[in-house]
Amino acid sequence: MPGADKTVLITGARAPVALHLARLLHGAGRRVILADTPARPIAAASKVCARYHRLPPPRFEPEAYADAVETLVRTEGIDLVIPTCEEVFYLALAWRGRRMPAPLLAPDIDLLAEVHNKHSFVRLAERLGLPVPETTLLNSRDDLEAVRGRSRELVFKPVWSRFASQVLLRPTPDFLDAIAPSPAMPWVAQRFIEGEEISAYAVARAGRLKALALYRSPYRAGRGAGIFFERVEDGAARELVERIVAGTSWTGQISFDLMREADGRVLPLECNPRAVSGLHFFRDPARFVDAMLGEGPEVTPDVTTPQTVRLAMWIYGLPAALRSGGLARFRKTIREGQELLDWPGDPAPVKAQWTALAEIAGVAWRQGISLQAASTRDIEWNGPADCR
């Protein structure tokens, strides 16, 4: 791969992590092409974007999406494709069924699906000898009835989901009447764990860890995606990540939701085989790109300041602070956080947030869904049914 990745295609241009990765790659001398389905995602406004290509929505038009990506790779002379969001699944399917002229920085679809599935991921971690929370697969109403009596000790969530959507946290038994697990749409019941949640972002090559950032998110968009990020250090969390990437021979980006118990033991909860906000703790282009794509040593985060998207803090963090009486803490936090969209000499993406937000809000209004759901509606991947 070294020397063979001069023109890189980054997909998922709507995401701040795609913008950040584009800036790192550009800073390391790569030509960066970006692609996604929105008309004007934030990354397209960046000066590091050599060209932006709009693609069909992979969730609704997977064949047209694959055709468009293949054409783009050929016409732009792409040397490497790096996914950042859940389009990774549709790309992996395209790479399985076609002779693509450039490599995809991601595992094959079978491994991606295994770790994304909230039940099979826990079983995988268990096979690798890691401690795991009790996790029960729910394929039917009968499965649900078997755990109903312990509902106050459990967390219920769909096997295929994101942003903590639809999660039932230690519900009373009557709340379970609202869900209907099936083989096509299974759920899991996972033991509720008291402790501190840790998020992990990692890059690996052939099972070898090349970058790792551990962090926590004291402010979130509802109960889902973080919007303010503070670095943490934890040896047990690092060991867990190392063992999973080694045990799967992982190549690409991968992230985890972990829980540290009071005794220091760290348990894996979920895995997302894509980029997450821990990437923002890396700002040295040469070192990061050499580790990710070259033969450089593992790179450690070079940013210690908390990272945030201030617009998201005003939209989600302020109302939460007002409800909880935490306004003083909110003011202190937003002063301390560094705007993660800021980058020397590249101010346009900060302004482009408003245009991107308006486009997402339009989708939310037309579909009658939340902003968060609208932000990923066209790229979500919800299991084997989406392999067709």
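As a starting point, this report considers the structure included with it. It should be emphasised that the depicted structure is a prediction, and the values quoted were computed from it without experimental measurement. Within any chain, residue numbers begin from 1 and follow the written order of that chain's sequence. This being a predicted model, a pLDDT of at least 70 is required before a residue's local features are given, and a value of 80 or more before pairs of side-chain atoms are given or counted; all residues contribute to the totals for chains, interfaces and linings. To get the side-chain values, all heavy atoms of the structure are used, and hydrogens and water are removed first.

1. Structural notes on the sheet that holds strand β5 (residues 135-138)
Working step 1: With antiparallel pairing, the four strands of this open sheet are ordered in space as β5-β8-β6-β7. Two strands in the sheet have a free side with no partner beyond their single neighbour: β5 and β7 (168-169).
Working step 2: Here five bridges tie strand β6 (residues 154-158) to strand β8 (residues 187-191), and the two strands are oriented antiparallel to one another. Directly across from Val155, in β8, lies its bridge partner Gln190.
Working step 3: Contact between two residues is taken to exist if any of their heavy atoms lie within 4.5 Å; hydrogens are not considered. To get an axis, fit a line to the C-alpha atoms, keeping to the stretch in contact for a helix; angles then go from 0 to 180 degrees between the N-to-C directions. Secondary structure elements are defined from DSSP: runs of H or I of at least 4 residues count as helices, runs of E of at least 2 residues count as strands, and each element is numbered from the N terminus. Set on the sheet, helix α6 (residues 141-148) makes contact with β5, β6 and β8; between it and β5 the angle comes to about 145°. Here the rule is simple: two strands pair whenever DSSP picks up at least two bridges between them.

2. Re the side chain of Ser46
Working step 1: Along the chain, the position of Ser46 falls in the loop between β2 (31-36) and β3 (49-54).
Working step 2: The buried label goes to any residue with under 20% of its type's maximum accessible area, the exposed label to any with over 50%, and the partly exposed label to all in between, with areas taken from a 1.4 Å probe on protein chains only. For Ser46, a relative accessible area of 5% corresponds to the buried category.
Working step 3: The residues touching Ser46, leaving out its near neighbours within four places in the chain, are Leu19, Arg23, Asp346 and Pro349.

3. Let's talk about the sheet that holds strand β13 (residues 266-272)
Working step 1: Taken in spatial order, the seven strands of this open sheet run β13-β12-β9-β10-β11-β14-β15, and their pairing is mixed. Two strands close off the open sheet at either side, each with one partner strand: β13 and β15 (338-339).
Working step 2: Summarising the sheet, strand β9 (residues 196-205) and strand β10 (residues 208-220) pair through seven bridges and their orientation is antiparallel. When the bridges of β10 are listed, Ser199 appears paired with Tyr215.

4. Comments concerning the packing of aromatic side chains
Working step 1: Pairing of aromatic rings covers Phe, Tyr and Trp, the last counted by its six-membered ring, and requires centre-to-centre distances within 6.5 Å; plane angles under 30 degrees mean stacked, over 60 mean edge-to-face, and any other angle means tilted. Evaluation of the coordinates by the stated rule reveals ten aromatic pairs.
Working step 2: Between Tyr215 and Phe281, the aromatic rings sit 6.1 Å apart at their centres with planes inclined by 45°, giving tilted as the arrangement. Here Tyr215, found in strand β10, pairs with Phe281, found in the loop between β13 and α8 (285-293); they are 66 residues apart in sequence, far enough to count as distant. For the pair Tyr215 and Phe281, a shared accessibility class is recorded, and that class is buried.
Working step 3: When the ring of Tyr219 is compared with that of Phe228, the centres are 6.2 Å apart and the planes differ by 70°; the resulting orientation is edge-to-face.
Working step 4: Residue Phe228 is classed as buried on the basis of its relative accessible area, which comes to 0%.

Nothing here speaks to function; it is all geometry.
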